[in-house]
Amino acid sequence: MDSLLIKGGVPLRGEVTISGAKNAVLPIMAATLLTREPCVIHNVPDLSDVRFMAQILSWLGAEVRLHKATARIQAKKIKGAGDYDLIRKMRGSICIMGPLLGRLHKATVSLPGGCVIGARPINLHLKGFQALGAKIVIASGYVQASAKRLTGSAVFLGGRAGSTVLGTANVMMAAVLAQGVTVIESAACEPEVVDLVKFLNAMGAKITGAGSPTVTITGVDQLHGAEHEVIPDRIEAATYAIAAAATNGEVTLRGARPEHMHAVLDKLHDAGVKVEREGASLKVSRNGRLKPVDITTLPYSGFPTDAQAQMMALMALTPGISIITERIFESRFMHVSELTRLGADIEIEGPSAIVKGGKPLSGAPVMASDLRASAALVIAGLAARGTTQVNRVYHLDRGYENIDGKLRQLGARVERVEES
Ligand code: EPU
């Protein structure tokens with residue numbers, strides 16, 4: 001397995017271009033299953049999760065061509081069941097279920113299990129499908145949804161931790177071809193959901209209210225092909241912004257959309273980080289000394305769980321105590337023990353991590369268990385003295401396009417070591 005060797009202590013400087021958003025492109029690719037006609041998606045990031053989704057769509061019968069940052073997909077004829085192992089490998093692939101149900105009135109996928117960040121149930125997705133008239137059967141590790149016809153309905157998608165991002169995407173994609181009107185209450189408001197709605201409406205869907213907790217979908221008879229440009233990845237932008245602050249550097253994030261990043265930018269500001277708009281870019285640098293901040297993750301527009309680990313790395317470097325509370329996923333603190341290996345002083349108390357920051361970090365071999373935890377270790381490694389070896393780079397490759405190349409471009413001493 002590949003690893004990243006990071007020689008820390010170099011302030012990041014220069015410009016980095018933010019790639020298309022992973023969590024927008026995956027459901028958008030799945031949405032192409034809703035039409036027989038060709039679709040073209042631009043600003044597609046080169047990620048292993050994207051290649052996975054392409055494989056799943058191909059397996060279902062779609063023709064998929066990925067070239068540079070463009071995906072051309074045509075799902076002329078498709079089957080309603082996904083490959084068990086392929087789907088299980090990537091939790092995000094659950095979002096093929098809504099489009100399959102919408103178009104074919106049947107969908108069979110492997111039931112996604114939990115993962116290192118928490119239980120990850122799909123009860124809300126299934127509740128939404130049932131509200132549209134689908135029958136759900138769970139057997140032999142598969143979940144099957146089927147319906148003679150789908151009928152619009154009112155459905156409340158709020159759960160234990162608030163709304164559900166892929167659940168909202170799934171129910172919307174099933175409802176676009178249903179008869180009548182569907183109203184989703186407590187819909188996810190994430191920019192990735194809004195981007196999906198933009199694509200669906202370009203395909204001929206009739207959806208209003210995206211970005212608010214009430215989304216209304218008026219069913220149509222069929223959808224047509226469409227062309228779409230994916231929004232820039234707000235979590236990738238946040239990650240490079242935090243890395244700039246952690247190394248006391250100055251980084252320009254080309255294409256970052258501040259309107260999608262209010263909570264992160266607000267906390268960075270409170271932490272003593274200067275973020276200036278420069279045309280279509282954001283320039284990030286320190287504004288004097290770093291200050292500790294308390295953070296609670298929440299659904300959008302609150303602080304994103306996907307930037308929690310990275311912010312914890314920054315707080316580990318910041319003198320003082322900060323409390324980081326995770327409210328979305330119950331066990332998303334797997335990075336804590338690895339940050340501790342680098343010298344950080346962090347204790348977990350229930351859903352909160354108490355970070356006693358400012359201790360010097362020094363490089364060590366570390367291993368991350370998920371994408372954002374790995375990003376946090378990279379940030380800590382960039383700021384630490386000595387060499388940090390981040391193992392299992394495949395986690396990073398799932399969600400960060402060319403991370404080592406982009407970091408080198410910013411002056412970091414990062415090398416990818418391929419295991420023979
Ligand atoms: N939940 C339920 N029932 C459901 C669905 C979710 O109780 O049926 C709970 C979850 O257990 C969790 C909360 O609702 O406590 C929110 O989960 P959500 O459904 O919103 O997560 P997701 O849609 O499966 C997406 C992203 C995640 C991101 C979360 C939260 C994709 C492919 N994944 O997951 O991204 O953390 O939203 O914003 O869009 C990542 O990129 O590293 C990542 C994990």
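Once a new chain begins, its residue numbering starts again from 1 and follows that chain's sequence as written. Where totals are concerned, whole chains, interfaces and linings use all residues; where local detail is concerned, this predicted model gives features only for residues with pLDDT of at least 70, and gives and counts side-chain atom pairs only at 80 or more. Side-chain numbers come from the whole structure's heavy atoms, not from hydrogens or water.

It is worth spelling out the sheet that holds strand E18 (residues 320-325) at this point. Here 4 strands make up an open sheet; going across it, the order is E17-E18-E20-E19 and the pairing mixed. Pairing within the sheet leaves two strands with one partner each, and these edge strands are strand E17 (295-296) and strand E19 (346-349). In short, DSSP must find at least two bridges between two strands for them to pair. Here a strand is any run of E in DSSP of at least two residues, a helix any run of H or I of at least four, and the numbering for each starts at the N terminus. With 4 bridges joining them, E19 and strand E20 (residues 352-357) adopt antiparallel strand pairing. Residue pairing for E20: isoleucine 346 is matched across the bridge by valine 355. Working rule for contacts: check all heavy atoms of both residues, and any pair within 4.5 Å makes them a contact. Between N-to-C directions, angles span 0 to 180 degrees; the directions come from axes that are lines fitted to C-alpha atoms, helices contributing only their stretch in contact. Where helix H10 (residues 308-316) meets the sheet, it contacts E17, E18, E19 and E20, and its direction lies at approximately 30 degrees from that of E20.

Here 4 strands make up an open sheet; going across it, the order is E9-E10-E12-E11 and the pairing mixed. Both outer strands of the open sheet, strand E9 (154-156) and strand E11 (206-208), are each paired with one neighbouring strand and no more. Strand-to-strand twist in this sheet, taken as the mean axis angle between neighbours without regard to direction, amounts to 15 degrees. Relative to strand E10 (residues 181-185), E9 runs parallel, the two sharing 3 bridges.

This part covers the packing of helix H8 (residues 234-246) against H10. Following both chains from N to C, one finds H8 and H10 inclined at 5 degrees, their axes separated by 10 Å at the closest point. As the angle between them shows, H8 and H10 are arranged roughly parallel. Taken together, the residues of H10 that come into contact with H8 (itself represented by Ile235, Thr239, Ile242, Ala245 and Ala246) are Gln310, Met311 and Leu314. Grouping the amino acids of the contact of H8 with H10 by side-chain chemistry returns 6 nonpolar, 2 polar and no charged. In these notes the angle categories are as follows: under 35 degrees is roughly parallel, over 145 is roughly antiparallel, 65 to 115 is roughly perpendicular, and the rest is oblique. Amino acids outside the nonpolar list (Ala, Val, Leu, Ile, Met, Phe, Trp, Tyr, Cys, Pro) and the charged list (Asp, Glu, Lys, Arg) are all regarded as polar, and Gly is one of them.

Here the focus is the domain arrangement of the chain. The domains assigned to the chain are domain 1 (2-19 + 232-418) and domain 2 (22-223). The source of the domain bounds is an automatic or database domain assignment. Computed from C-alpha coordinates alone, the two centres of domain 1 and domain 2 are separated by 30 Å. Across the boundary between the two partners, domain 1 contributes 25 residues, which contact 22 residues of domain 2. Between Lys or Arg on one side and Asp or Glu on the other, a salt bridge is scored when a side-chain nitrogen of the former is within 4 Å of a carboxyl oxygen of the latter. Summed over the shared surface of domain 1 and domain 2, the result is 3 salt bridges. For arginine 160, the salt bridge identified is with glutamate 330, shortest N-O distance 3.8 Å. Any pair of nitrogen or oxygen atoms within 3.5 Å is treated as a polar contact; in protein, a donor-acceptor pairing is required on top of that, and neighbouring residues in sequence qualify only through side-chain atoms on both sides. In this assembly, domain 1 and domain 2 are joined by 8 residue pairs in polar contact (both at pLDDT 80 or more). Ranked by the residues each element gives to the side of domain 1 that touches domain 2, the list is headed by helix H13 (residues 394-399), at 4 residues. Taken together, the residues of the side of domain 1 that touches domain 2 sort by class into 9 nonpolar, 5 polar and 11 charged.

By secondary structure assignment, the location of histidine 125 is in helix H5 (residues 123-131). Exposure classes here rest on a 1.4 Å probe applied to the protein chains alone. A residue is buried below 20% of its type maximum, exposed above 50%, and partly exposed in between. On the accessibility criterion, histidine 125 (3% relative accessible area) is buried. At 3.0 Å, the side chain of histidine 125 and the side chain of asparagine 170 are in polar contact. Residues in contact with histidine 125, not counting those within four places in the same chain, are Ile94, Thr164, Leu166, Gly167, Asn170 and Val171.

Summarising the sheet, strand E4 (residues 63-67) and strand E5 (residues 70-74) pair through 5 bridges and their orientation is antiparallel. Each residue of the ladder has a partner; that of glutamate 63, found in E5, is glutamine 74. Count of turn residues in the E4/E5 antiparallel hairpin: 2 residues, of which lysine 68 carries a positive phi of about 50 degrees.

Now for the site of the ligand. Taken together, 23 residues surround the ligand, and among them Asn123, Leu124, Thr164, Asp306 and Ile328 come closest. In this structure, asparagine 23 approaches the ligand through a side-chain N or O atom, which is 3.1 Å from an oxygen atom. Leucine 166 is positioned with one of its backbone polar atoms (N or O) 2.8 Å from an oxygen atom of the ligand. Here the accessible surface of atoms and residues is derived via Shrake-Rupley with a 1.4 Å probe, and residues count as covered only by protein chains that are part of the display. Summarising the interface, the protein chains cover 93% of the accessible area of the ligand, which totals 830 Å² for the free molecule. The dominant element in the shell around the ligand, judged by the number of residues it contributes, is H5, at 3 residues. Of the residues in the shell around the ligand, the class split is 10 nonpolar, 6 polar and 7 charged. By convention in this text, a residue qualifies as near a molecule or strand provided that one of its non-hydrogen atoms is within 4 Å of it.

Once that is clear, we can look at the packing of aromatic side chains. Between rings of Phe, Tyr and Trp, where Trp is taken as its six-membered ring, a pair exists when centres lie within 6.5 Å; planes separated by under 30 degrees are stacked, by over 60 edge-to-face, and by other angles tilted. Evaluation of the coordinates by the stated rule reveals 0 aromatic pairs. Here lysine 79 stacks its cationic end above the ring of tryptophan 59, 4.0 Å away from the centre of that ring. The criterion is that NZ of a Lys, or CZ of an Arg, lies within 6 Å of the ring centre and within 35 degrees of the ring normal, and then a charge sits over that ring.

Counting buried positions over the 9 residues of H10 gives 9, a clear majority of the element. Turning to H10, its buried residues are Gln308, Ala309, Gln310, Met311, Met312, Ala313, Leu314, Met315 and Ala316.

Moving on, we get to the nonpolar core. As used in this record, nonpolar core signifies buried Ala, Val, Leu, Ile, Met, Phe, Trp, Tyr and Cys residues forming a set joined through side-chain atoms within 4.5 Å. Counting 79 residues, the largest nonpolar core has Ile96 and Leu200 as the members making the most contacts within it. The residues contacting leucine 200, other than those within four sequence positions of it, are Ala31, Leu34, Met173, Val176, Ala205 and Ile207.

On to the pairing of E18, then. As judged from the 2 bridges shared by E17 and E18, these two strands associate in the parallel manner. Looking at the pairing, isoleucine 295 lines up with isoleucine 324 of E18. One crossover worth recording links E17 to the parallel E18 by way of H10, and it is right-handed. Of the pairings in the sheet, the one linking E18 to E20 comprises 6 bridges and is antiparallel in character. Bridge assignment links isoleucine 323 to a residue of E20, and that residue is isoleucine 354. Note on handedness: a crossover is taken as right-handed if, strands pointing away from the viewer, the path from the first strand over the helix to the second is clockwise.

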